[in-house]
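Now for the letters of each chain:
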Amino acid sequence: MDSRRSHFRVVAGLNVLSAPGDQAQIRSISKVRMHKDYDDVTSDSDVTLVLLSSPFDFTDHVQPVCTPHSVTQEFRLNFTHCFITGWGTFTYGCSMMNRLQEAEVELIDRRTCNLTTWYGGLITDNMICAGLESGAADSCQVITLRHF
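A brief structural summary. Model, not experiment: these values are computed from the prediction.

### Some words on the environment of Thr59
Move 1: Residue position: Thr59 is located in the loop between β3 (48-52) and α1 (71-77).
Move 2: Each C-alpha atom, one on Thr59 and one on Gln23, is 8.5 Å from the other, the two residues being 36 residues apart in sequence.
Move 3: In this structure Thr59 touches Gln23 and Gln25, once residues within four positions along its chain are discounted.
Move 4: A distance of 3.0 Å separates the side chain of Thr59 from the backbone nitrogen of His61, its partner in a polar contact.

### Quick word on the environment of Leu100
Move 1: Here Leu100 shows up in the loop between β4 (81-86) and β5 (101-107).
Move 2: Linking Leu100 and Gly88, residues 12 residues apart in sequence, is a C-alpha distance of 8.3 Å.

### Topic: the side chain of Gln101
Move 1: The topology assignment puts Gln101 in strand β5.
Move 2: With relative accessibility at 1%, the residue Gln101 sits in the buried group.
Move 3: A distance of 2.7 Å separates a polar atom in the side chain of Gln101 from the backbone oxygen of Arg99.

### Focus: the nonpolar core
Move 1: Listed in full, the five residues of the largest apolar core are Ile108, Cys113, Ile123, Met127 and Cys129.
Move 2: The contacts of Ile108, once residues within four sequence positions are left out, are Cys113, Trp118, Cys129, Ala130, Gly131 and Glu133.

### Thoughts on the side chain of Asp44
Move 1: For Asp44, the position within the fold is in the loop between β2 (25-34) and β3.
Move 2: Buried and unpaired, Asp44 has Arg110 as its nearest opposite-charge partner, separated by 8.4 Å.

Rules of the game
Residues numbered from 1 in each chain as written. Predicted model: local features only at pLDDT ≥ 70, side-chain atom pairs only at ≥ 80, totals over all residues. Heavy atoms only, no water. Helix = DSSP H or I, 4+ residues; strand = E, 2+ residues; numbered from the N terminus. Contact = heavy atoms within 4.5 Å. Polar contact = N/O pair within 3.5 Å; in protein donor to acceptor, adjacent residues only side chain to side chain. Buried < 20%, exposed > 50% of the residue type's maximum accessible area, 1.4 Å probe, protein only. Core = buried A, V, L, I, M, F, W, Y, C linked by side-chain atoms within 4.5 Å. Lys, Arg positive; Asp, Glu negative; His and termini not counted. Salt bridge = Lys/Arg side-chain N within 4 Å of Asp/Glu carboxyl O.

This is the structure:
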């Protein structure tokens, strides 16, 4: 991946693919660090850090991600839902959306996700299972959506 980092850019503040606009900020990648236990067959430990060429400037359109300060705070917050964003499709196999979409999805218990009628044991302790049990929204297909 390190030799290919020059082919990728990180963009923040973009909400329409075909028209980046004045709010978009583009950075090149200086360094890539994949998780040491990443498994490309199972997707276990599928997380990578990238070091940007320079920091983003925080504006009304570019904000840092909010994270819990500790495991204790995370437990007290009792997360049951989260928000996903992306340029997914309305239906499987269709082209991507031009406008960034957002959906609220449920965090689903790993035991449920690993049922044979769901993911059949493919969800590891290093993964988060989120979506709607009805299948109406996930990170690739956003049916219940909000435009940014």
